[in-house]
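Report on the structure
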Amino acid sequence: MHQKIAFFALFALLIFPIIHQASGHALFNSAESTIGNNRVQVATDPEFPQAGQKAKIRMHVTDRDLNDVKQFVVGVRIFYDDIQVDGIPPQSIDGGYWDFDYAFDKPGNHVFRVDIYGENNKAITHTFNMSTQSPFGYIFFYVIMSGAIGAAVIFGYIYLPKRIKRH
């Protein structure tokens, strides 16, 4: 018995590599940009914000080695149809993450120009596309799901009685 346990333990050590570090992708629905020494990652919660409702915007700033930047100065300019519709003035952020709430006024594509200020207050601009949808955006999803469920019910109604009668 002890030989089997020892064999399986040795087998597990050989098959499964030892993991020194593991981390999940905290910002699943994100876009990222690397310019200069910084990597900026931006995400929204919910994944597809709706126009007229608040969404949480999360920004993660790291260096090229993916270590959190301890402090950074950031400003955001928000464009819709190539016209600046909003902005957040530059501010100093401690730590690698910055969360803020934002309500998109219109459905469609918004362009976020994220300015990270470095030495001599020189800005490096990272550009991100943020899509929103109208409140009716989920209707198409529900229609497709209803059609699939309806097809399954009809299929079951037609073929299940025949299979049950055979047995």
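Residues numbered from 1 in each chain as written. Predicted model: local features only at pLDDT ≥ 70, side-chain atom pairs only at ≥ 80, totals over all residues. Heavy atoms only, no water.

1. A few points about the overall build of the protein
Defined as follows: Runs of E in the DSSP output that reach at least two residues are strands. Runs of H or I that reach at least four are helices, and both are numbered from the N terminus. Three exposure classes are used, based on accessible area relative to the maximum for each residue type with a 1.4 Å probe and protein chains only: buried under 20%, partly exposed in between, and exposed over 50%. Contacts between residues were defined by any pair of non-hydrogen atoms, one from each residue, lying within 4.5 Å. Calculation of accessible area relied on Shrake-Rupley with a 1.4 Å probe; when residues are assessed, cover is drawn exclusively from the protein chains displayed.
Scanning the protein for helices and strands turns up 2 helices and 8 strands. The order of α-helices and β-strands along the protein, N terminus first, is α-β-β-β-β-β-β-β-β-α. Residues classed as buried in the protein amount to 26% of the 167 residues present. Relative to all contacts within the protein whose residues are 6 or more apart in sequence, the contacts with residues 24 or more apart total 52%. Accessible surface, the protein: about 12,300 Å² in total, of which carbon and sulfur atoms supply 59%.

2. Quick notes on the packing of aromatic side chains
Rule in force here: Each Phe, Tyr or Trp ring (for Trp, its six-membered ring) is paired with any other whose centre lies within 6.5 Å, and the angle between the two planes then decides the class: stacked below 30 degrees, edge-to-face above 60, tilted in between. Sitting over a ring, as applied to charges here, requires NZ of Lys or CZ of Arg to be within 6 Å of the ring centre and within 35 degrees of the ring normal.
Going through the model one piece at a time under the given rule, you end up with 4 aromatic pairs. Here the aromatic rings of tyrosine 102 and phenylalanine 112 are separated by 5.9 Å at their centres, their planes lie at 80 degrees, and the arrangement is edge-to-face. Residue tyrosine 102 is located in strand E6 (residues 97–103), and its partner phenylalanine 112 is located in strand E7 (residues 108–117); the two are separated by 10 residues in the primary sequence. Pair check on accessibility: tyrosine 102 and phenylalanine 112 agree, each one buried. For the ring pair phenylalanine 104 and phenylalanine 112, a centre distance of 5.9 Å and an interplane angle of 50 degrees mean the geometry is tilted. Phenylalanine 112 matches phenylalanine 104 in its accessibility class, with the two residues each being buried. In this structure an aromatic cluster arises from ring pairing among Tyr102, Phe104 and Phe112. Lying across the ring of phenylalanine 79, arginine 113 places its NZ or CZ 4.3 Å from the centre.

3. Some thoughts on the side chain of arginine 39
Which entries qualify depends on this criterion: Between N or O atoms, a polar contact is any pair within 3.5 Å; within protein, one atom must be a potential hydrogen donor and the other a potential acceptor, and residues adjacent in sequence are included only when both atoms are from side chains.
Mapped onto the elements of the fold, arginine 39 is located in strand E2 (residues 38–45). Residue classification places arginine 39 among the buried residues on the basis of a relative accessible area of 12%. A polar side-chain atom of arginine 39 sits 3.5 Å from a polar atom in the side chain of glutamine 41. Residues contacting arginine 39, with those up to four places away along its chain left out, are Glu32, Ser33, Thr34, His60, Val61, Thr62, Asp63 and Leu66.

4. Some points on the confidence of the model for the protein
Put simply, the rule is: Per-residue confidence from the prediction method is given by pLDDT, with values spanning 0 to 100.
Residues at a pLDDT of 70 or more form 76% of the protein, whose mean pLDDT is 78. Within the protein, helix H1 (residues 2–15) has the poorest average pLDDT of any element, 48, and strand E5 (residues 83–94) the best, 93. Confidence drops under pLDDT 50 across residues 6–28; counting only partners more than four residues distant or on other chains, this segment forms 7 contacts.

5. Here we look at the pattern of salt bridges
Stated precisely, the cut-off is as follows: A pairing counts as a salt bridge when a side-chain nitrogen of Lys or Arg comes within 4 Å of a carboxyl oxygen of Asp or Glu.
All told, the structure shown has 2 salt bridges when counted by the stated rule. Between arginine 77 and aspartate 115 there is a salt bridge whose closest N-O contact spans 3.0 Å. In this pair, arginine 77 sits in strand E4 (residues 71–80) while aspartate 115 sits in strand E7, placing the two residues 38 residues apart along the sequence. With relative accessibility at 6%, the residue aspartate 115 sits in the buried group.

6. Let's talk about the nonpolar core
Convention followed: Within this scheme, the nonpolar core is defined by two criteria: the residues are buried Ala, Val, Leu, Ile, Met, Phe, Trp, Tyr or Cys, and they are joined through side-chain atoms within 4.5 Å.
With 22 residues, the main nonpolar core has Met59, Trp98, Phe112 and Val114 as its most contacted residues. Elements with a minimum of two residues in this core: E2, strand E3 (54–63), E4, E5, E6, E7 and strand E8 (123–132). Contact partners of phenylalanine 112, with chain neighbours within four places excluded, come to Val76, Arg77, Ile78, Phe100, Tyr102, Phe104, His126, Thr127, Phe128 and Met130.

7. Some details on the sheet that holds E4
What counts here: Pairing between strands is defined by DSSP: at least two bridges between the two strands are required. Where helices are involved, their axes are fitted lines through C-alpha atoms of the stretch in contact, as for all axes, and angles between N-to-C directions lie from 0 to 180°.
Across the sheet, which stays open at both edges, the 4 strands sit in the order E5-E4-E7-E8 with antiparallel pairing between neighbours. Two strands in the sheet have a free side with no partner beyond their single neighbour: E5 and E8. Strand after strand, the sheet turns through a mean of 20 degrees between neighbouring axes, direction not considered.

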